[in-house]
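# Understanding the architecture of this molecule
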Amino acid sequence: MVQETRSPEQTFEIGFRLGRKAEPGGVYTLTGDLGVGKTVFTQGFAKGLGIEEPVSSPTFTIVQVYEEGRLPFYHFDVYRIGDVEEMDEIGYEDYIMGEGVCLIEWANLIEEILPQKRTEIVIEKDLDQGFEFRRITIEELP
């Protein structure tokens with residue numbers, strides 16, 4: 001499914017709708033260039049899970065855990081991962097195999113340890129369409 005947005009609010013809304021449908025054990029991968037709106041999308045996703053506290057990218061902590069929503073939410077930002085073995089050190093597999101929902105920003109950097117069954121989200125800009133334009137592709141992998 002491909003959706004187009006023309007404002008951060010619309011990007012947030014797509015994340016929100018996806019978060020409302022999320023089920024236990026769901027893994028969502030999120031890729032896109034810097035400044036494309038991954039954090040805005042993730043904030044919408046968290047809101048869709050019923051999380052009210054502020055959500056920011058866990059760039060330096062790698063994972064941020066939110067437990068007050070309808071499901072535990074594990075928000076990863078693996079931009080600064082030097083080696084996939086670092087993911088073992090933070091208990092990555094426990095999160096992925098858990099009953100919560102994982103959203104992994106920059107997931108392309110840890111491709112080799114991602115579960116086959118996941119939902120891939122790609123956010124892209126197209127400046128020919130305008131500064132705020134985003135193309136959001138959501139694909140469920142078996």
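To start, this report covers the structure provided alongside it. (Residues numbered from 1 in each chain as written. Predicted model: local features only at pLDDT ≥ 70, side-chain atom pairs only at ≥ 80, totals over all residues. Heavy atoms only, no water.)

Before going further, it helps to spend a moment on unusual backbone geometry. Only a minority of non-glycine residues have a phi that is not negative, and only a minority of peptide bonds are not trans. For Ile62, which is not glycine, the phi torsion reads 75° and is therefore positive. By the element assignment, Ile62 lies in the loop between helix H2 (38-48) and strand S3 (63-66). For Trp106, which is not glycine, the phi dihedral falls at a positive 65°. By secondary structure assignment, the location of Trp106 is in the loop between strand S5 (101-105) and strand S6 (118-125). (Helix = DSSP H or I, 4+ residues; strand = E, 2+ residues; numbered from the N terminus.)

A word on the pairing of S5. The element S5 is extensively covered by neighbouring structure, given that five of its five residues are classed as buried. Taking every second residue as pointing to the same face, both faces of S5 are buried, with Val101, Leu103 and Glu105 on one and Cys102 and Ile104 on the other. Across four bridges, strand S2 (residues 27-31) lies against S5 in parallel orientation. Paired with Tyr28 across the two strands is Leu103, which belongs to S5. As judged from the five bridges shared by strand S4 (residues 73-77) and S5, these two strands associate in the parallel manner. Within S5, the position partnered with Phe76 by the bridge is Ile104. (Buried < 20%, exposed > 50% of the residue type's maximum accessible area, 1.4 Å probe, protein only. Pairing = 2+ DSSP bridges.)

Moving on to the pattern of salt bridges. Pairing of side chains with opposite charge becomes possible as their charged atoms draw close. According to the stated counting rule, one finds five salt bridges in the structure shown. For Arg118, the salt bridge identified is with Glu111, shortest N-O distance 2.9 Å. Taking the shortest distance from any N to any O, the salt bridge between Glu120 and Arg118 comes out at 2.9 Å. Connected via shared salt-bridge partners are Glu111, Arg118 and Glu120. (Salt bridge = Lys/Arg side-chain N within 4 Å of Asp/Glu carboxyl O.)

It is worth spelling out the sheet that holds strand S1 (residues 2-5) at this point. The mixed open sheet is built from seven strands, whose spatial order is S1-S7-S6-S2-S5-S4-S3. Since the sheet does not close on itself, it has two edges, and those belong to S1 and S3, each with one partner. Averaged over all pairs of adjacent strands, the angle between their axes in this sheet comes to 15°, without regard to strand direction. Here H2 sits on the sheet and contacts S2, S4, S5, S6 and strand S7 (134-141); the angle it forms with S5, its principal contact strand, is near 175°. (Axes fitted to C-alpha atoms, helices over the stretch in contact; angles between N-to-C directions. Contact = heavy atoms within 4.5 Å.)

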